[in-house]
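Next come the chains, spelled out residue by residue.
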Amino acid sequence: PAPATLLLALAGCAATPGECDPSQVGNVVKAASCNWGGGYAARQTELSREVAGRVAAYTLSQSEAQKLAAEAKQLAGDREAWQQKLAAMNGESARLRLELNAARTGTERGRARVDALRQEAGSLQAQLDRAGAASSATEAEIQALTQEVERKQQAIRELLQESEVE
């Protein structure tokens with residue numbers, strides 16, 4: 001009867017799984033209670049679930065880390081592609097600016113040439129007018145000046161047409 005009484009007493013003092021930590025149990029009665037009352041087994045089951053949960057979380061973290069690494073690699077590739085595209089666009093922009101500057105320079109030269117030809121034509125017309133007014137001018141001189149004025153005016157028209165085409 002004494003062992004049976006002891007067994008009943010131990011069963012009545014069954015400890016919870018949290019109290020059945022083998023490193024913390026300090027007396028034989030509590031150790032026996034944890035052993036016979038299933039406290040050690042329950043603690044082991046609880047710890048196994050916790051470890052399984054942590055392993056699952058670690059596996060999920062690893063999977064997420066791999067996914068994030070792949071995404072970062074993709075973003076780096078996209079960034080490099082955009083940088084190359086931007087460099088190409090900057091090059092094209094610089095080329096177009098050079099062409100525009102050249103066209104402006106050409107247009108300015110054309111305008112300067114037209115202005116110079118107009119001045120020459122005006123000067124020749126003035127000479128023609130003076131020659132016509134002077135009785136000493138010969139018909140050949142007047143004819144030569146008239147032809148020179150017409151050539152200058154034709155050159156001006158051609159330059160203006162060229163600048164309209166551009």
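Residues numbered from 1 in each chain as written. Predicted model: local features only at pLDDT ≥ 70, side-chain atom pairs only at ≥ 80, totals over all residues. Heavy atoms only, no water.

Enquirer: Looking at this model, I keep getting lost on the overall build of the protein. Mind explaining?
Expert: A count of helices and strands for the protein gives four helices and zero strands. Shown N-terminal to C-terminal, the secondary structure of the protein runs as helices and strands in the order α-α-α-α. Taking all contacts inside the protein whose residues are at least 6 apart in sequence as the whole, residues at least 24 apart take part in 42%. Accessible surface computed for the protein: about 12800 Å², of which carbon and sulfur atoms make up 57%. (Helix = DSSP H or I, 4+ residues; strand = E, 2+ residues; numbered from the N terminus. Contact = heavy atoms within 4.5 Å. Areas by Shrake-Rupley, 256 points an atom, 1.4 Å probe, with all protein chains shown as cover.)

Enquirer: When you look at the side chain of K152 in this model, what are you seeing that I'm missing?
Expert: Within the fold, K152 resides in helix α4 (residues 139–165). Beyond its immediate stretch of four places on either side in the chain, K152 contacts L117, E120, A121 and L124.

Enquirer: What am I meant to see in the environment of Q44 here?
Expert: The residue Q44 is located in helix α3 (residues 39–133) in this model. By relative accessible area, Q44 is classed as exposed at 56%. With 24 residues separating them along the chain, Q44 and C20 place their C-alpha atoms 9.5 Å apart. (Buried < 20%, exposed > 50% of the residue type's maximum accessible area, 1.4 Å probe, protein only.)

Enquirer: I'm lost on helix α2 (residues 28–36) in this one. Help?
Expert: For an α-helix the count is 3.6 residues per turn, leaving residues at separations of three or four pointing the same way. By the burial criterion, the buried members of α2 are A32, S33 and C34. Capping the start of α2 is the job of one residue whose side-chain oxygen sits 3.3 Å from the backbone nitrogen of V29: N27. Count one or two residues on from α2 and you reach G38, which has phi positive near 85°. (Polar contact = N/O pair within 3.5 Å; in protein donor to acceptor, adjacent residues only side chain to side chain.)

Enquirer: I'm lost on the pattern of salt bridges in this one. Help?
Expert: Side-chain pairing between opposite charges can occur once the charged atoms of the two side chains come close. As enumerated under the stated definition, the model contains four salt bridges in all. Two residues, K152 and E148, come together in a salt bridge whose shortest N-O distance is 3.7 Å. Here the residue K152 and the residue E148 both occupy positions in helix α4, the gap between them amounting to four residues, near one helical turn. Taking the relative accessible area as the measure of exposure, K152 reaches 16% and is therefore buried. A single network of salt bridges, built from pairs that share partners, joins E148, R151 and K152. (Salt bridge = Lys/Arg side-chain N within 4 Å of Asp/Glu carboxyl O.)

All quantities given are derived from atomic positions and should not be read as evidence of function.
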